[in-house]
Amino acid sequence: MSDTAAEHGGTDSSARSGDGVVPARSSDAAALTSVVLAGGGTAGHISPLLATADALRRENPDVRITVVGSVGGLEETIVPERGYDLKVIPKAAFPRRPDLAALRFPLTFRRAVRQATDVVRNAEADVVVGFGGYVCPPAFLAARRAGVPIVVHEGNARPGLATRLGARFTSFIATTFSATKLPGARLLGMPLRHEITGLDRAALRPEALREFGLTDAMPTILVTGGSLGAARINEAFAGAVAALRSAGVQVLHVTGRGKEFDPDAGATAAKPDGGDAAYVVLPYADRMELCYAAADLVVTRAGANMVCETASIGLPAVFVPLPIGNGEQRLNCADVVDAGGAIVVDNADFTADYVVQQVIPLAKNADRLALMGAAARAQGHGEADEKLVAMIHEAVSAAARS
Ligand SMILES: CC(=O)N[C@H]1[C@@H](OP(=O)(O)OP(=O)(O)OC[C@H]2O[C@@H](n3ccc(=O)[nH]c3=O)[C@H](O)[C@@H]2O)O[C@H](CO)[C@@H](O)[C@@H]1O
């Protein structure tokens, strides 16, 4: 750990995100005039970026915010929709096998660093904050070139490559889960958007049910594979449509773009099962808070934000962690599962039969759902956006002093 990390408290893995100490803004903290936020690819990296951008704006409505993302990522739609300025640079994916893309990588990466440096310099940035994704390594190198301090937020329990690189350049590293071991990092939790943290599920529920054509008379399962959708989860539910309908369990199924299916495809016109529960299919939810408000139970991948968002609003969950990657998804949901707020099931075991045997009875057990919801809510994450803004100030102040 560097001197700066020691000066600012070093590792604070003892604090839970919800009750961790909010780093105090030093009185000489310079006002932030321009911040570059880097992150993208999936919404998993963009959601905490937007929550942090919102918190920066609340603090100073005049702060200049520039988001740097990669060509082709979800950020191309989500970031401008929220009113932030987006600059895209070439997607420089680290090669995993020796192919043509691997040959082109050094050139693409250099181009990405050059363009990121232009973004940082043109923005006259006080600081570059990285949230993960392919865009981060070029953005971090650009910050180094421009002599701008770096802050890193890691959303996943197991740090990705971008964070491990960023951690070599800065001691201002924020983590989300207690399992994450990164020297010098502080456990701040996941910055969540205020439409999620401020959500009053009961109050919004009538509007949400109306919006999706659902009724208050039956329990509702929200199914999602995270921002990109999950084929395994989609298939399992598609195979259980008739059973869900006849059990009187409604489903709001967000499949991921291009992964929609017709829930009536397998049913006869007369619906011999006699069920009339709605089964609503959507490609993507622009207003996730409405989905959460309609739901009594969520079945989802264990992406870091899905875990933190559902916990923060006390929504019971069945997590089906993505079986690839570095195993971070199983670890992401470990705390809330251990607390009794959620259930975890292996991808291989998540079948239509599992939905029928396990998920339907759970959705109909209001008492158990209430207990799970309360256990989930105790996990925290409420103020991580403000805590990260405080850390950004610290990084800028420390750079100004050095
Ligand atoms: C396949 C993949 O790369 N998965 C990773 C990705 O997941 P993914 O992109 O699914 O990320 P998360 O589960 O962390 O978050 C999904 C985010 O998208 C929002 N949302 C989701 C669906 C929707 O229809 N509308 C919507 O707005 C959710 O509210 C949430 O804020 O990033 C996560 C955070 O780094 C990682 O933990 C995951 O391993």
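The rules behind each value
- Residues numbered from 1 in each chain as written.
- Predicted model: local features only at pLDDT ≥ 70, side-chain atom pairs only at ≥ 80, totals over all residues.
- Heavy atoms only, no water.
- UniProt positions renumbered as here; feature names shortened; annotations may be inferred.
- Pairing = 2+ DSSP bridges.
- Helix = DSSP H or I, 4+ residues; strand = E, 2+ residues; numbered from the N terminus.
- Contact = heavy atoms within 4.5 Å.
- Axes fitted to C-alpha atoms, helices over the stretch in contact; angles between N-to-C directions.
- Buried < 20%, exposed > 50% of the residue type's maximum accessible area, 1.4 Å probe, protein only.
- Near = heavy atom within 4 Å.
- Polar contact = N/O pair within 3.5 Å; in protein donor to acceptor, adjacent residues only side chain to side chain.
- Areas by Shrake-Rupley, 256 points an atom, 1.4 Å probe, with all protein chains shown as cover.
- Domains from an automatic or database assignment.
- Core = buried A, V, L, I, M, F, W, Y, C linked by side-chain atoms within 4.5 Å.
- Arc of directions from axis to C-beta.
- Phe/Tyr/Trp six-rings, centres within 6.5 Å; stacked < 30°, edge-to-face > 60°.
- Lys NZ or Arg CZ within 6 Å of the ring centre and 35° of its normal.

UniProt, in the comment section headed Subcellular location (unreviewed entry), describes the protein chain in these words: "Cell membrane".

Can you break down the sheet that holds strand β7 (residues 186-187) residue by residue, with the values?
In space, the seven strands of this open sheet follow the order β3-β2-β1-β4-β5-β6-β7, with parallel pairing throughout. Two strands in the sheet have a free side with no partner beyond their single neighbour: β3 (85-89) and β7. Where strand β2 (residues 64-70) and β3 come together, five bridges link them in parallel fashion. Within β3, the position partnered with V67 by the bridge is L86. Here helix α2 (residues 43-59) sits on the sheet in contact with β1 (34-38) and β2, set at roughly 170° to β1. Packing against the sheet, helix α5 (residues 136-146) makes contact with β1, β2, β3, β4 (127-130) and β5 (150-154), and its axis sits at approximately 160° to β5.

With reference to specific residues and values, describe the sheet that holds strand β11 (residues 297-300).
An order of β10-β9-β8-β11-β12-β13 is seen for the six strands of this open sheet, with the pairing classed as parallel. Two strands lie at the open edges of the sheet, namely β10 (279-282) and β13 (342-344), each paired on one side alone. Direction aside, neighbouring strands of the sheet carry axes that sit 15° apart on average. In terms of strand pairing, strand β12 (residues 317-319) meets β13 through three bridges, oriented parallel. Opposite F319, over in β13, you have V344 as the bridge partner. Across the face of the sheet, helix α15 (residues 352-363) comes into contact with β8 (220-224), β11, β12 and β13 while running at roughly 150° to β11.

Quick rundown of the side chain of D385? Include the residues and the values.
Locating D385 in the fold gives a position in helix α17 (residues 384-401). The class of D385 is buried, set by a relative accessible area of 1%. Non-local contacts of D385, meaning those with residues more than four positions away in its chain, are made with A51, A55, R58, P191, L192 and H194.

Describe in detail the site of the ligand, supporting the description with residues and values.
In the region of the ligand, 23 residues are neighbours, and S47, N156, S227, N305 and E309 sit closest. A distance of 2.6 Å separates an oxygen atom of the ligand from a polar atom in the side chain of S227. Measuring from an oxygen atom of the ligand, one finds a side-chain N or O atom of Q329 at 2.8 Å. Coverage of the ligand by the protein amounts to 89% of the 760 Å² it exposes when considered alone. Mapped onto the shell around the ligand, the elements with two or more residues apiece are α2, α11 (288-294), α12 (304-312) and α13 (328-332). Three or more residues apiece are contributed to the shell around the ligand by two domains, here domain 1 (3-192 + 382-401) and domain 2 (196-377).

Explain the nonpolar core to me, using residue names and the numbers behind them.
Inside soluble globular proteins, nonpolar side chains tend to come together where they are buried. One finds L222, C291, Y292, F319 and V336 to be the most contacted residues of the largest nonpolar core, which totals 38 residues. Contributions of two or more residues to this core are made by α8 (201-212), β9 (250-254), α11, α12 and β12. Here this core gets six residues from one element, more than from any other, and that element is α11. Here this core spans two domains, and each of domain 1 (3-192 + 382-401) and domain 2 (196-377) adds at least three residues to it. Sequence-distant contacts of C291, defined by excluding residues within four places in its chain, comprise F212, L222, L252, V254 and A285. L49, I65, V151 and M391 belong to the second-largest nonpolar core, a separate cluster that totals 33 residues.

Residues and numbers for the side chain of N156, please.
Turning to its location among the elements, N156 is positioned in the loop between β5 and α6 (161-166). For N156, a relative accessible area of 17% puts it in the buried group.

Tell me about α8, and name the residues and values.
Looking only at α8, the buried set comprises R201, L204, R205, A208, L209 and F212. Along the long axis of α8, the arc covered by the buried residues comes to 145°, so they all point the same way. Exposed residues pointing more than 90 degrees away from the buried face of α8 are listed as A203 and R210. In the core, the buried residues of α8 are packed alongside β8, β9, β10 and α11.

Could you give an account of the packing of aromatic side chains, naming the residues involved and the relevant values?
Considering all chains together, one arrives at six aromatic pairs under this definition. An angle of 35° between the planes, with centres 5.4 Å apart, marks the rings of F105 and F109 as tilted. Of this pair, F105 and F109 are both found in helix α4 (residues 100-122), four residues apart, which corresponds to roughly one turn of the helix. One aromatic cluster is present, formed by F94, F105 and F109 through successive ring pairs. In this structure, R257 is placed above the aromatic ring of Y284, and the distance from its NZ or CZ to the ring centre is 4.4 Å.

Requested: an account of α5, with residues and values cited.
For α5, the set of buried residues is C136, P137, P138, A139, F140, A142 and A143. Immediately beyond the C-terminal end of α5, within one or two residues, lies G147, with a positive phi of roughly 70°.

Tell me about the UniProt feature "binding site: UDP-N-acetyl-alpha-D-glucosamine" (unreviewed entry) in the protein chain, residues and numbers included.
Per the UniProt entry, the sites bearing "binding site: UDP-N-acetyl-alpha-D-glucosamine" (unreviewed entry) are T42, A43, G44, N156, R193, S227 and Q329 in this numbering. Mapped onto the elements of the fold, R193 is located in the loop between β7 and α7 (194-197). Taking relative accessible area as the criterion, R193 reaches 14% and is therefore assigned buried. Apart from residues no more than four positions distant in its own chain, R193 is found in contact with S47, A51, R82 and E309. Here S227 is in contact with T42, A43, G44, L74 and Y284, once residues within four sequence places are set aside. A distance of 3.2 Å separates a polar atom in the side chain of S227 from the backbone nitrogen of A43.

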